[in-house]
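# A structural walkthrough
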Amino acid sequence: MAYLDFVDMFARKSERDPEELLKEKPLSFPISTNYRGEKLIEFLTDIVDIDFKKLRVLDIGCAYGGFSIAMAKRGAHVTGIDVSAQFIEYAKTNARGDVDLDARVMDASSSDVRNNFERGEFDLILLNDVLEHIYDTTSLAKNIDYLLNDTGFVYFKVPNGHSPRWAISEGHRKIFGLTLLDPDCWFYLYPRRASIFYRPFEYFTAIFGHFGLSNQLWIDEEKVFDRFPKRKLLNQFKEIYEIYRNNPEFDPQLKEYLKHGINRFRDEFLFDWDDLGDAYCRFKYGSYFYSGFFARPKANIAPKTEVMKLPSIGSIAAAAPDYHFPEL
Ligand SMILES: C[S@@+](CC[C@H](N)C(=O)[O-])C[C@H]1O[C@@H](n2cnc3c(N)ncnc32)[C@H](O)[C@@H]1O
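Structural notes, computed from the coordinates. Throughout this description, residue numbers start from 1 for each chain and increase along the sequence as written. Totals for whole chains, interfaces and linings use all residues, but because this is a predicted model, local features are given only for residues with pLDDT of at least 70 and pairs of side-chain atoms are given and counted only at 80 or more. Here the side-chain values reflect all heavy atoms present in the structure, with hydrogen atoms and water set aside.

## Brief notes about the site of the ligand
For this purpose, a residue is taken to be near a molecule or strand whenever a single non-hydrogen atom of the residue falls within 4 Å of it. Within the structure, the ligand sits among 17 residues, and Gly61, Asp82, Asp107, Ala108 and Asn128 are positioned closest to it. Val83 is positioned with one of its backbone polar atoms (N or O) 3.2 Å from a nitrogen atom of the ligand. Within the complex, the protein chains bury 89% of what would otherwise be the 600 Å² of accessible surface of the ligand. Amino acid classes used here: Ala, Val, Leu, Ile, Met, Phe, Trp, Tyr, Cys and Pro are nonpolar; Asp, Glu, Lys and Arg are charged; the rest, including Gly, are polar. For the shell around the ligand, the residue count by class is 9 nonpolar, 4 polar and 4 charged. Pairs of N or O atoms within 3.5 Å make up the polar contacts considered here, provided that, within protein, one atom can donate a hydrogen while the other can accept it, and that residues adjacent in sequence are counted only when both atoms are side-chain atoms. Per-residue and other accessible areas follow the Shrake-Rupley method at a 1.4 Å probe size, with only the shown protein chains counted as cover for residues.

## Re a nonpolar patch on the surface
A surface patch of nonpolar side chains, about 290 Å² in accessible area, is lined by Met1, Leu4 and Leu22. Partly exposed describes any residue whose relative accessible area lies between the buried limit of under 20% and the exposed limit of over 50%, with all areas from a 1.4 Å probe on protein chains only and scaled to the type maximum. The exposure class of Met1 is exposed, given its relative accessible area of 68%. For patches, a residue must show more than 30% relative accessible area and have no salt bridge; joins then use 9 Å for like charges and 5 Å for nonpolar side chains, namely Val, Leu, Ile, Met, Phe, Trp and Tyr. When a carboxyl oxygen of Asp or Glu lies within 4 Å of a side-chain nitrogen of Lys or Arg, that pair is called a salt bridge.

## Points about the nonpolar core
As used in this record, nonpolar core signifies buried Ala, Val, Leu, Ile, Met, Phe, Trp, Tyr and Cys residues forming a set joined through side-chain atoms within 4.5 Å. Formed by 67 residues in total, the largest nonpolar core has its most connected members in Ile60, Ile125, Leu127, Leu140, Ile144 and Phe208. Top element by residues in this core is helix α12 (residues 252-286). It accounts for 12 residues. Ignoring any residue separated from it by four or fewer positions in sequence, one finds Leu127 in contact with Ile60, Leu140, Ile144, Val154, Tyr155, Phe156, Lys157 and Phe208. Ranked by size, the runner-up nonpolar core spans 34 residues in total, among them Phe43, Phe52, Phe67 and Ala103. By definition, any uninterrupted DSSP run of H or I lasting at least four residues is a helix, any uninterrupted run of E lasting at least two residues is a strand, and each is numbered from the N terminus. Whether two residues are in contact is decided by their heavy atoms: any pair within 4.5 Å suffices.

## As for the sheet that holds strand β3 (residues 102-105)
Strand order in the open sheet made by the 7 strands is β3-β2-β1-β4-β5-β7-β6, with mixed pairing throughout. Edge positions in the sheet fall to β3 and β6 (215-219), since each of these pairs with one other strand and no more. Taking each pair of neighbouring strands and ignoring which way they run, the sheet shows an average axis angle of 15°. Two strands qualify as a pair provided DSSP detects at least 2 bridges between them. Summarising the sheet, β6 and strand β7 (residues 289-295) pair through 5 bridges and their orientation is antiparallel. Among the inter-strand pairings, Ile219 is bridged to a residue of β7, identified as Ser291. Interaxial angle, 0 to 180 degrees, is taken between N-to-C directions of lines fitted to C-alpha atoms, where a helix line uses only the stretch in contact.

## Quick look at the packing of helix α1 (residues 2-13) against helix α5 (residues 85-95)
Each pair of packed helices can be summarised by the angle the axes make with each other and by the distance between the axes. Contact geometry of α1 with α5 gives a least axis separation of 6 Å together with a crossing angle of 150°. When the axis of α1 is compared with that of α5, the two are roughly antiparallel. Across the interface between the two elements, Ala2, Tyr3, Asp5, Phe6, Met9, Phe10 and Lys13 from α1 touch Gln86, Glu89, Tyr90, Thr93, Asn94 and Ala95 from α5. Throughout, the term roughly parallel applies to angles under 35 degrees, roughly antiparallel to angles over 145, roughly perpendicular to angles from 65 to 115, and oblique to all others.

## Comments concerning the side chain of Glu132
Mapped onto the elements, Glu132 comes out in the loop between β4 (122-128) and α7 (137-147). Under the counting rule used here, the positive set is Lys and Arg, the negative set is Asp and Glu, and His together with the chain ends is not counted. At 8.0 Å, Arg199 is the nearest oppositely charged side chain to Glu132, a buried residue that forms no salt bridge. Reaching out from Glu132, the side chain makes a polar contact with the side chain of His133 at a distance of 3.3 Å. Excluding its chain neighbours within four sequence positions, the residues that come into contact with Glu132 are Val158, Pro159, His172, Ser195, Ile196 and Phe197.

## Focus on the packing of aromatic side chains
Only centres within 6.5 Å qualify two rings of Phe, Tyr or Trp (six-membered ring in Trp) as a pair; their planes then separate them into stacked at under 30 degrees, edge-to-face at over 60, and tilted for everything else. Scanning the model with the defined rule gives 39 aromatic pairs in all. Taken together, the ring pairs in this structure connect Phe156, Phe201, Phe208, Trp218, Tyr280, Phe283, Tyr290 and Phe294 into an aromatic cluster. Placement of a positive charge over a ring is assigned whenever Lys NZ or Arg CZ falls within 6 Å of the ring centre and within 35 degrees of the normal to the ring plane. The residue whose ring lies beneath Arg36 is Phe29, and the NZ or CZ to ring-centre distance is 3.7 Å. Sitting above the plane of the Phe289 ring, Lys157 keeps its charged end 5.2 Å from the centroid.

## Thoughts on the pattern of salt bridges
Here the structure, examined in full by the defined rule, presents 15 salt bridges. For Arg56, the salt bridge goes to Asp123, with nearest N and O atoms at 3.0 Å. Here the residue Arg56 occupies a position in strand β1 (residues 56-60), and Asp123 occupies one in strand β4, the gap between them amounting to 67 residues. Arg56 sits in the partly exposed class, given a relative accessible area of 33%. In this structure, the salt-bridge partner of Glu268 is Lys284, at a minimum N-O distance of 2.8 Å.

## Looking at unusual backbone geometry
Here the amide bond leading from Lys25 into Pro26 is cis, since omega sits at -5°, within 30 degrees of zero. Its place among the elements puts Pro26 in the loop between α2 (18-23) and α3 (33-47). Here the phi dihedral of Glu15 falls at roughly 50°; this positive angle occurs in a residue that is not glycine. Positionally, Glu15 belongs in the loop between α1 and α2. Phi at Ala63 is positive, roughly 45°, even though this residue is not glycine. Looking at the secondary structure, you find Ala63 in the loop between β1 and α4 (66-73). Owing to a relative accessible area of 13%, Ala63 belongs among the buried residues under this scheme.

## Considerations on the pairing of β3
On a regular strand, one side chain projects to one face of the sheet and the next to the other, so that they alternate. Note: strand β2 (residues 77-82) against β3, 4 bridges, orientation parallel. In the sheet register, Asp82 faces β3, and the bridge partner there is Val105. Remark: the β2/α5/β3 crossover connection has right-handed handedness. Crossovers are marked right-handed if the path from the first strand over the helix to the second runs clockwise, as seen with the strands pointing away from the viewer.

Take a look at the structure:
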């Protein structure tokens, strides 16, 4: 079976026992790929009217292929691309004999994309847990503008490096402080290359808006408005201060960089709170992941259920901060 062949292949490469990998609870990120693909289908069909039959889908950063496979099973024509040849091998093995999957090694932000695909070739582009790994997001957005048809849309999910929870423990590496540092300084805390670039959601709004994807819907998947009172955010900021202060083993240069990182984070948070208010800040700092759609103006992404409308900057009342963080 295709999925089990993939698990075997992955187990061999990572020198693990496939049976053990399948027994893990929760399943690891790679092994849960097909499960996560099925969940995404449920999630998307709950939120918007979407018919996968004959939909032309590009899964950027398809990795192990689970999202591509779930859509292909519903009749979509799916192409998966990934910058890593190893990942494309996994995706092909995962799909083989089960669904047709056109999987290709390609850098999504390179000009190669325009040599390989027609203009407007896709109805839906997926960027699931990928945006944070792409350095040149301007070229990526430009390529997406080329690839997406007139009524097309992008579904994205991206970890929120602006959540104080990620500063306390960065989601990929489970280390304190990474999101407070420039990626070039990650080596102080994590010896391997970073390849992760966190940006605030305003950055993505602006860049995709610029390239014709101005119809944007940000989904409050985690219900941060209900579950994320201001007090909770403030307590997380306090935790960042405490961890910083109670770690005598930090290298002095690292300590200095972390100090500036924390001060910068604090300034941005206080500025936003003063200027943009409660709703905005709950979303920007409370969400663990951001997800939503960037779409062509003519795309039909009218939500079926009630979803959060991101308050527009300038239209919301300022809420006065009731806590003062000292500068470090
Ligand atoms: C965290 S994985 C996400 C995989 C998959 N979308 C999922 O959610 O399971 C990020 C993937 O993006 C790929 N990637 C990173 N930069 C890329 C680029 N410039 N072009 C294409 N793929 C890229 C990586 O090789 C990796 O497979």
